[in-house]
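# Topology and contacts: notes
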Amino acid sequence: MLSAPELKVAVLGLGYIGLPTAAVIARSGAQVLGVDVTRSVVDIVNSGKVHIEEVDLDGLVSGVVARGTLTASTEIAPADVFVIAVPTPFADDHAPDIRYVLEAAATIATVLKAGDTIILESTSPVGTTEQVRDLLARLRPDLRVPGRTGDGADVAIAYCPERVLPGRILVELIDNDRVIGGITPRCARKALAFYRRFVRGACVTTTARAAEMTKLTENAFRDVNIAFANELSLVADTMGVDVWEVIRLANRHPRVNILQPGPGVGGHCIAVDPWFLVHADPDHTPLIRTAREVNDGKTAHVVAQAIALIESLPGVPVACLGLAFKANIDDFRESPALRIALALAARFGNRVRIVEPYAAALPNGFTETAATLIDIDAAIASCAIMIVLVDHDVFRSVPLEERADKRVLDTRGIWPDQPRLAPVSAALRLAG
Ligand code: SAJ
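Bear in mind that the values here come from a model prediction, so they are computed numbers and not experimental data. (Residues numbered from 1 in each chain as written. Predicted model: local features only at pLDDT ≥ 70, side-chain atom pairs only at ≥ 80, totals over all residues. Heavy atoms only, no water.)

## What to know about the site of the ligand
Looking at the ligand, there are 20 residues lining it, with E162, K215, R222, Q260 and F325 nearest. Q260 is positioned with one of its backbone polar atoms (N or O) 2.7 Å from a nitrogen atom of the ligand. Within the side chain of R412, an N or O atom sits 2.8 Å from an oxygen atom of the ligand. Per-element tally for the shell around the ligand: the top contributor is helix α8 (residues 208-239), with five residues. For the shell around the ligand, a count of residues per class yields nine nonpolar, three polar and eight charged. Of the domains in this structure, domain 1 (4-201) and domain 2 (240-410) are the two that each give at least three residues to the shell around the ligand. (Near = heavy atom within 4 Å. Polar contact = N/O pair within 3.5 Å; in protein donor to acceptor, adjacent residues only side chain to side chain. Helix = DSSP H or I, 4+ residues; strand = E, 2+ residues; numbered from the N terminus. Nonpolar A, V, L, I, M, F, W, Y, C, P; charged D, E, K, R; others polar. Domains from an automatic or database assignment.)

What follows is the structure in structure tokens.
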């Protein structure tokens, strides 16, 4: 491995993972080229700014761009290490779509040289890293690829999944342990030396296939466990029991650790990745598939509950608290809160008021509706029905005296002291 100032790294994909990763590598002293197919993203980064919200990312990017250690381009250039961090969506039938990974690999092939290392970080179905290897072998027959030509490979290829939590990305990029899967042990060792430059967590090596499955397993584990909590929330409703109290009490058992129910699972990872396992082996994944269905079903259940509550109080304004996919972030991707608020806005029009401190304006989907964006104070003043969809701190901190007279559907359990059936004050009904 080259010493710090000489190492050239290209990061392909400047999204939620690629941009922070590129910036952290640049801070470690390497010369980083961020490559993205979107011109506007490249221009924003080159001006020292960021196109995504993430804690402390703006300061880091402006610093490394000002120092010249991070530059962005739509064009690839030769480098010593290539990191692929592009999206891996799935199609309507849940089949994973690795087209962007293969396109990135084909781009790298144009500048690849002996001695280079290619690392895939995108969440990928098992076998994708081998497909990258096979593609490179086809496009660059002049280079010996690993795993096909004994130990004599000219390039190293590895899979190392990102595992960072939105909102804590810069911390977790450094502190989390990394699983580094090589096509061969030698590939893993080369990638390991690269990650050791900027990762403080342990770096553990394995095969590419095991690393790919590990990433999918982590997110499927979380999905299954959230599904358990969501299923409990339905049973507890039927029984007339407070599910959050039950979970709190059950979790006092030394070997029980139940997650939190909510309005469904959002984000671009946990609601997506389990399908990669189901698609790969449908016969052996009834639990993982059912968990997905339970979590998606919870969103539909909340919509039905909210409709029943709103219809029971004709004319009363409704506040939907939150659109983000989880607390204290501005990310609305795959958000159940957004889906629920949209369904209610489409049905109840101007009775619906959205409170989302992380949005300057309502997202596009609302333009067809008469829903409005208001702040939490206006919601407290004007809405007798409150549907809590996101556990943002600003909602959690509303004291009981400001909401005691509200009818609340609290999908996140943020107001345990809320009276179950507060009366609706006539003053809060919409005129007419
Ligand atoms: N959620 C619940 N109940 C819970 C925990 C979460 O309903 O007890 C919901 C959240 O509200 C949200 C969704 O699940 O809608 C996902 O949120 P999250 O915080 O669990 O996870 P993400 O999607 O932000 O990030 C996950 C992380 N994976 C794991 O924790 C196993 C992160 O480490 C991964 O890097 C990321 O996916 C990814 O990129 O794969």
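## Comments concerning the domain arrangement of the protein
With domains assigned, the protein is organised as domain 1 (4-201) and domain 2 (240-410). Between domain 1 and domain 2, the residue contacts involve 15 residues of the former and 13 residues of the latter. Here domain 1 packs against domain 2, burying approximately 1200 Å² in sum over the two surfaces, 69% of which is carbon and sulfur. For the pair domain 1 and domain 2, the number of links is zero salt bridges. Linking domain 1 with domain 2 are zero residue pairs in polar contact (both at pLDDT 80 or more), by the criterion used here. (Contact = heavy atoms within 4.5 Å. Buried area = accessible area lost by both parts, 1.4 Å probe. Salt bridge = Lys/Arg side-chain N within 4 Å of Asp/Glu carboxyl O.)

## Some details on the nonpolar core
Counting 42 residues, the largest nonpolar core has V9, V32, L70, F194 and Y195 as its most contacted members. If you list the elements that add at least two residues to this core, you get β1 (8-12), α1 (18-27), α2 (39-46), α3 (57-67), β3 (70-73), β4 (81-84), α6 (169-175) and α7 (185-195). If you tally residues by element for this core, the top one is α1, at six residues. In contact with Y195, not counting residues within four places along its chain, are I119, E121, C160, R178, I180 and C203. Grouped together as the second largest cluster of nonpolar side chains are 33 residues, L313, V316, I385 and V390 included. (Core = buried A, V, L, I, M, F, W, Y, C linked by side-chain atoms within 4.5 Å. Buried < 20%, exposed > 50% of the residue type's maximum accessible area, 1.4 Å probe, protein only.)

## Topic: the sheet that holds strand β11 (residues 372-373)
Across the sheet, which stays open at both edges, the five strands sit in the order β11-β10-β9-β12-β13 with parallel pairing between neighbours. Among the strands making up the open sheet, the edge pair consists of β11 and β13 (407-410). Of the pairings in the sheet, the one linking strand β10 (residues 352-355) to β11 comprises two bridges and is parallel in character. Opposite I354, over in β11, you have L373 as the bridge partner. Where helix α11 (residues 286-311) meets the sheet, it contacts β9 (318-321), β12 (385-388) and β13, and its direction lies at approximately 180° from that of β13. (Pairing = 2+ DSSP bridges. Axes fitted to C-alpha atoms, helices over the stretch in contact; angles between N-to-C directions.)

## Notes on a negative patch on the surface
Taken together, the side chains of D375, D377, E401 and E402 make up a negatively charged region of the molecular surface. Position of E401 among the secondary structure elements: in the loop between α14 (393-396) and β13. (Patch = residues over 30% accessible without salt bridge, like charges linked within 9 Å, V, L, I, M, F, W, Y side chains within 5 Å. Areas by Shrake-Rupley, 256 points an atom, 1.4 Å probe, with all protein chains shown as cover. Lys, Arg positive; Asp, Glu negative; His and termini not counted. Charge placed at Lys NZ, Arg CZ, Asp CG, Glu CD.)

## What to know about the side chain of K215
Mapped onto the elements, K215 comes out in helix α8. If we skip the residues at most four places from it in the chain, K215 touches T123, Y159, P161, E162, R163 and D273.

## A look at the pairing of β13
Of the two faces of β13, the one holding R407 and L409 and the one holding V408 and D410 are both buried throughout. Sheet topology places β12 next to β13; four bridges connect them, and they run parallel. In the sheet register, V388 faces β13, and the bridge partner there is D410.

## Here we look at the environment of G15
Looking at where G15 falls in the secondary structure, it is placed in the loop between β1 and α1. For the pair G15 and V41, spaced 26 residues apart in sequence, the C-alpha separation works out to 8.8 Å.

## Quick look at the packing of aromatic side chains
Evaluation of the coordinates by the stated rule reveals three aromatic pairs. Seen from their ring centres, F194 and Y195 are 5.2 Å apart, and the 70° between their planes marks the pair as edge-to-face. Comparing F194 with Y195, the two get one shared label, buried. Of the aromatic side chains, those joined through ring pairs into one cluster are F194, Y195 and F198. Here the basic side chain of R99 rests over the ring of Y100, its NZ or CZ set 5.7 Å away from the ring centre. The side chain of R333 reaches across the aromatic face of Y16, ending 3.6 Å from its centre. (Phe/Tyr/Trp six-rings, centres within 6.5 Å; stacked < 30°, edge-to-face > 60°. Lys NZ or Arg CZ within 6 Å of the ring centre and 35° of its normal.)

## So, the packing of α1 against α3
It is at 9 Å that the axes of α1 and α3 come closest, and there the two elements cross at 50°. Comparing their axes, α3 and α1 come out oblique. For the pair α1 and α3, the crossing hand works out as left-handed. Two secondary-structure elements touch here, α1 through L19, P20, A23, V24, A26 and R27 and α3 through L57, L60, V61 and V64. (Parallel < 35°, antiparallel > 145°, perpendicular 65-115°, else oblique. Left-handed = near helix turned anticlockwise from the far one by under 90°.)

## Looking at unusual backbone geometry
In this structure, D56 is a non-glycine residue whose phi angle is positive, near 70°. Structurally, D56 can be placed in the loop between α2 and α3. Classification of D56 by relative accessible area gives exposed; the value is 55%. Despite not being glycine, H94 has its phi angle at roughly 70°, a positive value. Here H94 lies in the loop between β4 and α4 (99-109). When its relative accessible area of 24% is taken as the criterion, H94 is described as partly exposed.

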